[in-house]
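Close look at the chain arrangement
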Amino acid sequence: MRESVEVSGLVLRPWGAEGDVGAVLEAFAEPLMRWQAPQPVDSVEDARQWVRARGAQWEEGGAFSFAVVDGRGGDGAVLGNVTVSAVDRRHSTGWVSYWITRAARGRGVAIHSCRAAARWAFDDLGLFRLELGHRVNNPASCRVATAAGFAAEGIQRQKLLYDGVRYDVESHARLATDPEPTAP
Ligand SMILES: CC(C)(COP(=O)(O)OP(=O)(O)OC[C@H]1O[C@@H](n2cnc3c(N)ncnc32)[C@H](O)[C@@H]1OP(=O)(O)O)[C@@H](O)C(=O)NCCC(=O)NCCS
């Protein structure tokens, strides 16, 4: 199983490198990121715990989170995260999620990362079906999912509850036998 993947000037590698804690703290300081972690990431200790948890999950084999970093000979700055979680070996399924730092958005980082993580999950983990979901009021995430080859499968009504408001979620999935999406 490959522990890192290179794609289109990006490197996907496990969390835990020097500087990752600071990068995570900075990423989660932004309002759009509030709901992207099960617990708030508001302090250095929270960020350290977030990075530590990613490493523990990888070791256990239930979830695989990749830091997405700039691989074009730059400073290896963290641009975001893509995770394959809920790995169910019996049914060969998994769940994909992603976030990108505000500064790195709008240039295809999420689409490339999601596609690369899906390919990795099919080829290296041997999964067959990958699922993801996004709030229907998150069109950028919908575009990422579609461009990464995840077909929309329907709306789950009022699935998520954030700050007292319920949100409909659109489900997407990609199968190992689906055609590779064309380049974004
Ligand atoms: C959603 C998110 C991951 C997208 O990251 P990104 O690197 O900017 O995405 P990309 O540049 O790869 O692609 C974004 C696509 O969405 C489109 N897009 C962006 N904002 C949009 C909007 N408001 N409405 C419709 N499409 C939009 C872009 O045009 C692009 O599509 P294109 O390639 O066809 O032009 C990023 O905004 C993010 O991290 N948001 C906060 C966390 C989050 O919502 N995660 C997903 C949870 S399901």
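Residues numbered from 1 in each chain as written. Predicted model: local features only at pLDDT ≥ 70, side-chain atom pairs only at ≥ 80, totals over all residues. Heavy atoms only, no water.

As named in an unreviewed UniProt entry, the chain is GNAT family N-acetyltransferase, taken from Streptomyces griseocarneus.

Quick look at the layout of surface pockets now. The space that makes up the largest pocket amounts to roughly 1,200 Å³. If you trace the largest pocket, you find 42 residues lining it, with Gln36, Ser97, Tyr98, Trp99 and Ser141 closest to the centre. Mapped onto the lining of the largest pocket, the elements with two or more residues apiece are helix H2 (44–60), strand S4 (78–88), strand S5 (93–100), helix H3 (109–123), strand S6 (129–135), helix H4 (139–147) and strand S7 (151–162). The element contributing the most residues to the lining of the largest pocket is S5, with 6 residues. By residue class, the composition of the lining of the largest pocket is 23 nonpolar, 13 polar and 6 charged. Of the pockets and cavities examined, the second largest pocket occupies roughly 220 Å³. Contributing to the lining of the second largest pocket are Ala23, Glu26, Ala27, Ala29, Glu30, Val78, Thr101, Arg102 and Ala103. The biggest single contributor to the lining of the second largest pocket is helix H1 (residues 20–28), with 3 residues. Counted by class, the lining of the second largest pocket contains 5 nonpolar, 1 polar and 3 charged residues. (1 Å grid on protein atoms, 1.4 Å probe; cavity = no way out; pocket = protein on both sides within 12 Å on 5 of 7 lines; lining within 4 Å. Points joined across faces, edges and corners; volume = space filled by probe spheres on them. Helix = DSSP H or I, 4+ residues; strand = E, 2+ residues; numbered from the N terminus. Nonpolar A, V, L, I, M, F, W, Y, C, P; charged D, E, K, R; others polar.)

To continue, consider unusual backbone geometry. Positive phi outside glycine occurs at Ser92, with the angle close to 55°. Mapped onto the elements of the fold, Ser92 is located in the loop between S4 and S5.

Moving on to the sheet that holds S7. Neighbouring strands of a sheet are bound in pairs by backbone hydrogen bonds; such pairs are parallel or else antiparallel. A sheet is described by the order of its strands in space; here 8 strands give the open sequence S1-S2-S3-S4-S5-S6-S8-S7, paired in mixed fashion. The open sheet has two edge strands with one neighbour each: strand S1 (5–7) and S7. Neighbour-to-neighbour, the strand axes of this sheet turn through a mean angle of 25°, independent of strand direction. Note that strand S2 (residues 10–14) and strand S3 (residues 64–70) share 5 bridges and pair antiparallel. Across the sheet, Leu10 pairs through a bridge with Asp70, a residue of S3. Strands in contact with H2 are S2, S3, S4 and S5; relative to S3, the strand with the most contacts, it is inclined by about 125°. Contacts between H3 and the sheet are confined to S1, S2, S3, S4, S5, S6 and strand S8 (165–175), with S4 contributing the most and set at about 35° to the helix. (Pairing = 2+ DSSP bridges. Axes fitted to C-alpha atoms, helices over the stretch in contact; angles between N-to-C directions. Contact = heavy atoms within 4.5 Å.)

Moving on, we come to the pattern of salt bridges. Taken as a whole, this structure holds 11 salt bridges when the rule is applied. For Asp20, the salt bridge identified is with Arg13, shortest N-O distance 2.8 Å. Assessed through its relative accessible area of 1%, Asp20 is described here as buried. Here Arg129 makes a salt bridge to Glu131, at a shortest N to O gap of 2.7 Å. (Salt bridge = Lys/Arg side-chain N within 4 Å of Asp/Glu carboxyl O. Buried < 20%, exposed > 50% of the residue type's maximum accessible area, 1.4 Å probe, protein only.)

As a further point, take the site of the ligand. Around the ligand, 19 residues are found, and the nearest of them are Ile100, Gly106, Gly108, Asn138 and Arg143. Between a nitrogen atom of the ligand and a main-chain N or O atom of Tyr98, the distance comes to 2.9 Å. One of the side-chain N or O atoms of Asn138 is found 2.8 Å from an oxygen atom in the ligand. When isolated, the ligand has an accessible area of 970 Å², and the protein chains bury 69% of it. Among the detected pockets, the ligand sits in the largest pocket. When residues of the shell around the ligand are traced back to their parent elements, those giving at least two are S5, H3, S6 and H4. If you tally residues by element for the shell around the ligand, the top one is H4, at 5 residues. Broken down by class, the residue content of the shell around the ligand amounts to 9 nonpolar, 7 polar and 3 charged. (Near = heavy atom within 4 Å. Polar contact = N/O pair within 3.5 Å; in protein donor to acceptor, adjacent residues only side chain to side chain. Areas by Shrake-Rupley, 256 points an atom, 1.4 Å probe, with all protein chains shown as cover. Sits in = over half its atoms within 2 Å of the grid points.)

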